[in-house]
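Coordinate analysis (summary)
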There are 2 protein chains.
Amino acid sequence: MQKEANSVGLTATKTFTIPDKIHLESGIEFGPVQVAYETYGTLNENADNAILLLHALTGDAHAAGYHDEKDKKPGWWDDMVGPGKAFDTDKYFVISSNMLGGCSGTTGPCSINPDTGKPYGLSFPVITIEDAVKVQKRLVEFLGVKRLIVAGGSMGGMQALEWSISNADMVSAVIIIASTSRLSAQGIAFNAVGRNAILSDPNFNDGNYYDKEKQPEKGLAIARMVGHITYLCEESMHKKFGRRFQYSDRPNFDFNIDFQVESYLEHQGRTFVDRFDANSYLYITKAVDYFDLAQKHGSLKSAFEKTKARFLVISFTSDWLFPTSQSKEIVQALIKAGRDVSFCEIESPCGHDAFLLEFETQTKIVKSFLEKGEENV
Amino acid sequence: MQKEANSVGLTATKTFTIPDKIHLESGIEFGPVQVAYETYGTLNENADNAILLLHALTGDAHAAGYHDEKDKKPGWWDDMVGPGKAFDTDKYFVISSNMLGGCSGTTGPCSINPDTGKPYGLSFPVITIEDAVKVQKRLVEFLGVKRLIVAGGSMGGMQALEWSISNADMVSAVIIIASTSRLSAQGIAFNAVGRNAILSDPNFNDGNYYDKEKQPEKGLAIARMVGHITYLCEESMHKKFGRRFQYSDRPNFDFNIDFQVESYLEHQGRTFVDRFDANSYLYITKAVDYFDLAQKHGSLKSAFEKTKARFLVISFTSDWLFPTSQSKEIVQALIKAGRDVSFCEIESPCGHDAFLLEFETQTKIVKSFLEKGEENV
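Keep in mind the model is a prediction, meaning the values are calculated, not measured.

What follows concerns the pattern of salt bridges. Under the definition given, this model contains 36 salt bridges over all chains. As a salt-bridge pair, D211(A) and K212(A) come within 3.3 Å of each other at their nearest N and O atoms. On the basis of relative accessible area, D211(A) is assigned to the exposed category, the value being 66%. Two residues, K85(B) and D78(B), come together in a salt bridge whose shortest N-O distance is 3.4 Å. The same class applies to K85(B) as to D78(B), namely buried.

The interface of chain A with chain B comprises 52 residues on the first partner and 52 residues on the second. For the pair chain A and chain B, the summed buried area comes to about 4500 Å², and 72% of that belongs to carbon and sulfur atoms. In terms of surface lost to chain B, no three residues of chain A exceed R243(A), F253(A) and F255(A), which account for 19% of the buried area on that side. Taken together, chain A and chain B are joined by eight salt bridges. Where chain A packs against chain B, one counts 22 residue pairs in polar contact (both at pLDDT 80 or more).

A few words on the packing of helix α3 (residues 185-200) of chain A against helix α4 (residues 217-231) of chain B. Their axes nearest at 10 Å, the elements α3(A) and α4(B) cross at an angle of 170°. Judged on the interaxial angle alone, α4(B) and α3(A) are roughly antiparallel. In this structure, α3(A) contributes Q186(A), A189(A), F190(A), A192(A), V193(A), N196(A), A197(A) and S200(A) to the contact, and α4(B) contributes K218(B), I222(B), M225(B), V226(B) and I229(B). The residue makeup of the contact of α3(A) with α4(B), split by class, is nine nonpolar, three polar and one charged.

What follows concerns helix α2 (residues 155-166) of chain A. Residues and elements named next belong to chain A. Between the first and last C-alpha of α2 there are 17 Å, a value that for twelve residues agrees with the 16 Å anticipated at 1.5 Å per step. With respect to burial, α2 is a largely interior element, eleven of its twelve residues being buried. The complete set of buried residues in α2 reads M155, G156, G157, M158, Q159, A160, L161, E162, W163, S164 and I165.

About the cut-offs
- Residues numbered from 1 in each chain as written.
- Chains lettered and ligands numbered in written order.
- Predicted model: local features only at pLDDT ≥ 70, side-chain atom pairs only at ≥ 80, totals over all residues.
- Heavy atoms only, no water.
- Salt bridge = Lys/Arg side-chain N within 4 Å of Asp/Glu carboxyl O.
- Buried < 20%, exposed > 50% of the residue type's maximum accessible area, 1.4 Å probe, protein only.
- Contact = heavy atoms within 4.5 Å.
- Buried area = accessible area lost by both parts, 1.4 Å probe.
- Polar contact = N/O pair within 3.5 Å; in protein donor to acceptor, adjacent residues only side chain to side chain.
- Axes fitted to C-alpha atoms, helices over the stretch in contact; angles between N-to-C directions.
- Helix = DSSP H or I, 4+ residues; strand = E, 2+ residues; numbered from the N terminus.
- Parallel < 35°, antiparallel > 145°, perpendicular 65-115°, else oblique.
- Nonpolar A, V, L, I, M, F, W, Y, C, P; charged D, E, K, R; others polar.
- Expected span 1.5 Å × (residues − 1).

What follows is the structure in structure tokens.
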């Protein structure tokens, strides 16, 4: 833990259990659902200064601060959350929760099914972004929040969009970063390859591996490697690794790791399996695949006509997973729907990962957007 | 077999065995090497009307015509090879051979090692593009060719470039389509994921699977799926599949195939394992990874100063695996080296695969380039 003046400091993940069942988009009534969450800052008397942060594919509730003084790394969006930061905890009550289907405290396929006493595995219901938002809604109600701002990058942006539509009366402002209103065919294809790698791993065992000696680590690692290629871009890979060899200045002439980029991917795959569940990867990528606001609401314009919030849309020049063109689709539909929208494309060589890295420019834009809302109060 | 006036008709793959050993770039002396090849058209008296076609990653010697009257599909570049076609068999003696390390008749890891009586498997030496070209050189010498044109798309373009440098006195013209002078970090990353999927398949068994009941089909299928994402592009995937479901108009809410794009990838993976060898996939992708003319010759300009041929470089607007920028690097270095080079970027929505699909425009450009050479004779 680095001592920083503007850190939220030590934090802890808490849990809340929704007392009744959730009606899922698939038609299933599902429960009980436990939600893992963290909060930073204080809810004001009007209960209208909340910001709900929504994590990306493999994120968790731990968005800011440190769980332990010995922690080397803070939460996943620590650069953006704290006193004086973009999401200013001196002003706002910031909430972050683990997504339904996840594996970091919120009910997911690795949770114990109370009916059987065993982990759900593949008996966990297939969920959607809408379902995840329903669960988050119950959490913010439990926390006493009446009105809120929603913000997220990548899959988190999908959830922010869903929030603005399905809970229009609660949402005052929406911040969507490096996201999209529907996953592209290419995006589905990358997710399909990752799922295929997991499902093909003989240790996957139809999702029943939790009590087994061997886990589907190889399949999950391959899924993560594919993912990381899409989070970077050719430019960032060229800068980071180029064609440099990992161990010497010449080829190995074997099938061990030759190039730095191979070593990077191998490392990403290997470390991911320690913190993420293969079943959760299946469920969450599937929820992302299904997300398509235009298909669901007839058109993107119709979808956004249901909203009542101000919007900020941010994209990055080198993001080819959720490229600027997809952000512009959102912006154009919001304008057609007569909504208040600000848009910024940030020049960045960091690819899709930029939403986790380019915090200086993001901070300026987000602060300015939020201050505009504060003036209007 | 469709009866077409401009087809080369029935063809057969022949073999030639190099009598002595090949000195590989890794330092190993390797042999015997058998080469599978086909020829179309007739070598002229001066033995200088040959065109050597060089196949891409998973191609073979069967570039044109049909092996059997019942064949539904012709060779892989049939649209480009035949009487009156781009590679006009009325004028030229066209040669196509399977690459060293392949699995379609040329010696590769699935071939029997005469010293052991068993397939080489991973005891096969790691090979490079230079090694593949050395083998091709022995073939064209055996066929009596004195002077030739070399042409190839994708990895075939890498071999064409290598030919122009290492056999400068033999090569009069070079046609490089959708190729590059060095694989990018992102390209290495995609290949690394594919190899990882194969190496992680428990049926891979350290490459010794040829006599086993189970083959590393799942790993090889995943490698092929990743490959196909890079051969298409977001635009072509959007046109071909969009977000359409395969079997109904709504999500399955399970982990079977939902979207058409998933079905396509699954089909590509499943059919690939019937025609390709997992070990060959490892060896050939590794050869591609190692290809880097600038690194080998000090600079791309130095590399091309060794050439004596005319060059035609073709790229496609939507190819993001070997994008136009990489073709332009080749063109600029050729110009710096004082070489005669023509360059054309073809507008196409087909991605990298365009070199196998956009034959009408390619034909015009290639014909015009070859005719210029014919005038000069």
